[in-house]
Amino acid sequence: MTGSAKPFIAADVGGTHVRIGLVRRNGDPAHPVAVLQYRKYVCAEWPGLADIIEDFLGRLDGVRVDEGAIASAGYALEDGSVITVNLPWRISLNAIRDRLGFREFRLVNDFEAVAHAAAYVDASQVLQLTGPEAAPHGPTLVVGPGTGLGAAVWIPTAKGPVVLATEAGQAALTTGNALEAALLRELQRERDHVPNEHALSGPGLMNLHAALATLRGVAHDYRSPGEITAAALDGDDPLARESLEVFCGLLGSTVGDMALLYGANGGIYLAGGILPQIREFLLRSSFVERFLNKGPMREALERIPVKLVEHGQLGVIGAATWYLYRREAA
């Protein structure tokens, strides 16, 4: 990447938090983006994304910014608005651009951005779950359960990387044993189509626990995914622990399916969401066995490294990296 090192903003817009940074191009190819300032906002505490960006810009001590990019789940329409499932307010790129007086403001799919950043994560920022340390240079899958379930595929080409953004979180949830089948039937009482993210996300963990509580004939009294994971990790509640185990097993099976569907022989990164909070539980869970349990394709999956990414600014760096490539290729 070439061009000036003029600062711009990059934001990772999730259903719960907006992470935003003042960034610039860096001269180091191994770390092409430098994060100069960084803040994290709670979405529910703000009336809209423009208000969050405006607050961030007001804290920059006179630094002039007139361009940037946001990474968000959703589908961009021709009028500049974005169809989203998990955000508390609507996004309109044109309205934000006009309000802030930006010269340029662009949108990238959230996990497309993370996929762009994955190439710059070093060994100190990952936890190896299974597979060899290294893999052939090939398609790399990035998956993350957060407020929803995001997934993207980083594909190397002779002209530079291409990232395939997906809506894998909206694909139908599949099950692998009798308990999961019973839970799916319970979830289907409320909706005909049960997408992956209805179980494999923060809210999805709540859904799984509620369905499991109904099957077991006990009360479901947790108010957040964090309460369930805390109870599971503390060992205070067997039902919470079972819920988290079901979550990890389903995640392993779903990620294994994605690896086969997308030919992700270059490796898999699990990024963001609740996974860093349950890293030790995930290591001891059925995640790996369910990931590998694909019949004769087990041998192929054993050759794919699966790693948990623990870089808290990955979405911001990814949005910035994506933006730089687009800006400097123009």
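What comes next is a walk through the structure. Please read these numbers as outputs of a predicted model, since none were measured by experiment. (Residues numbered from 1 in each chain as written. Predicted model: local features only at pLDDT ≥ 70, side-chain atom pairs only at ≥ 80, totals over all residues. Heavy atoms only, no water.)

1. What about the sheet that holds strand β2 (residues 17-25)?
Spatially, 5 strands are ordered β3-β2-β1-β4-β8 in an open sheet, and the strand pairing comes out mixed. Each edge of the sheet is formed by a strand with only one pairing partner; in this case those strands are β3 (33-42) and β8 (104-109). The average angle at which neighbouring strand axes cross in this sheet is 20 degrees, direction not considered. Bridge analysis of strand β1 (residues 8-13) against strand β4 (residues 67-72) gives 5 bridges, and the strand direction is parallel. When the sheet's bridge partners are listed, alanine 11 is paired in β4 with isoleucine 70. (Pairing = 2+ DSSP bridges. Helix = DSSP H or I, 4+ residues; strand = E, 2+ residues; numbered from the N terminus. Axes fitted to C-alpha atoms, helices over the stretch in contact; angles between N-to-C directions.)

2. Focus: the sheet that holds strand β10 (residues 140-145)
With mixed pairing, 6 strands are arranged side by side in an open sheet as β9-β14-β13-β10-β11-β12. For this open sheet the edge positions go to β9 (126-130) and β12 (162-165), each flanked by a neighbour on one side alone. Averaged over all adjacent pairs, the angle separating strand axes in this sheet is 25 degrees, with direction ignored. Of the pairings in the sheet, the one linking β9 to strand β14 (residues 306-309) comprises 4 bridges and is antiparallel in character. Counted as the bridge partner of leucine 127 is leucine 308 from β14. Of the strands in this sheet, β10, β11 (149-155), β12 and β13 (268-271) are in contact with helix α3 (residues 110-118), which crosses β11 at around 45 degrees. Docked against the sheet, helix α7 (residues 238-262) engages β10, β11 and β13, running at close to 150 degrees with respect to β10. (Contact = heavy atoms within 4.5 Å.)

3. Re the pattern of salt bridges
On inspection of all chains with the given rule, the structure shows 17 salt bridges. Across the pair arginine 106 and glutamate 104 runs a salt bridge whose closest N-O atoms are separated by 2.4 Å. The partner of arginine 216 in a salt bridge is glutamate 242, with the nearest N and O atoms 2.5 Å apart. Placement of the pair is arginine 216 in helix α5 (residues 202-216) and glutamate 242 in helix α7, with a sequence separation of 26 residues. Taking the relative accessible area as the measure of exposure, arginine 216 reaches 43% and is therefore partly exposed. (Salt bridge = Lys/Arg side-chain N within 4 Å of Asp/Glu carboxyl O. Buried < 20%, exposed > 50% of the residue type's maximum accessible area, 1.4 Å probe, protein only.)

4. What to know about the environment of isoleucine 155
Following the sequence through the fold, isoleucine 155 ends up in strand β11. You can call isoleucine 155 partly exposed: its relative accessible area is 27%. Non-local contacts of isoleucine 155, meaning those with residues more than four positions away in its chain, are made with Pro139, Gly160, Pro161, Val162 and Leu164.

5. Some thoughts on the packing of helix α4 (residues 178-187) against α5
Relative to each other, α4 and α5 sit at 100 degrees, their axes nearing to 9 Å. Taken as axis vectors, α4 and α5 run roughly perpendicular relative to one another. Contacts between α4 and α5 pair Leu179, Ala182, Leu183, Glu186 and Leu187 from the former with Asn207, Leu208, Ala211, Leu212, Thr214, Leu215 and Arg216 from the latter. Classifying every residue of the contact of α4 with α5 gives 8 nonpolar, 2 polar and 2 charged. (Parallel < 35°, antiparallel > 145°, perpendicular 65-115°, else oblique. Nonpolar A, V, L, I, M, F, W, Y, C, P; charged D, E, K, R; others polar.)

6. A short note on the pairing of β12
Examined bridge by bridge, β11 and β12 share 4 bridges and lie antiparallel to one another. Its bridge partner being in β12, isoleucine 155 is matched across the sheet by valine 162. Counting the residues that bridge the hairpin from β11 to β12 gives 6 residues, and of these glycine 160 lies at a positive phi of roughly 110 degrees.

7. What about the environment of alanine 113?
Inspection of the secondary structure puts alanine 113 in helix α3. Looking at alanine 113, the relative accessible area reads 0%, which means it is buried. Once the C-alpha coordinates of alanine 113 and tyrosine 38 are considered, the two residues, 75 residues apart in sequence, prove to be 17 Å apart. Excluding residues within four positions of it along the chain, alanine 113 makes contact with Ala71, Val108, Gly315, Gly318 and Ala319.

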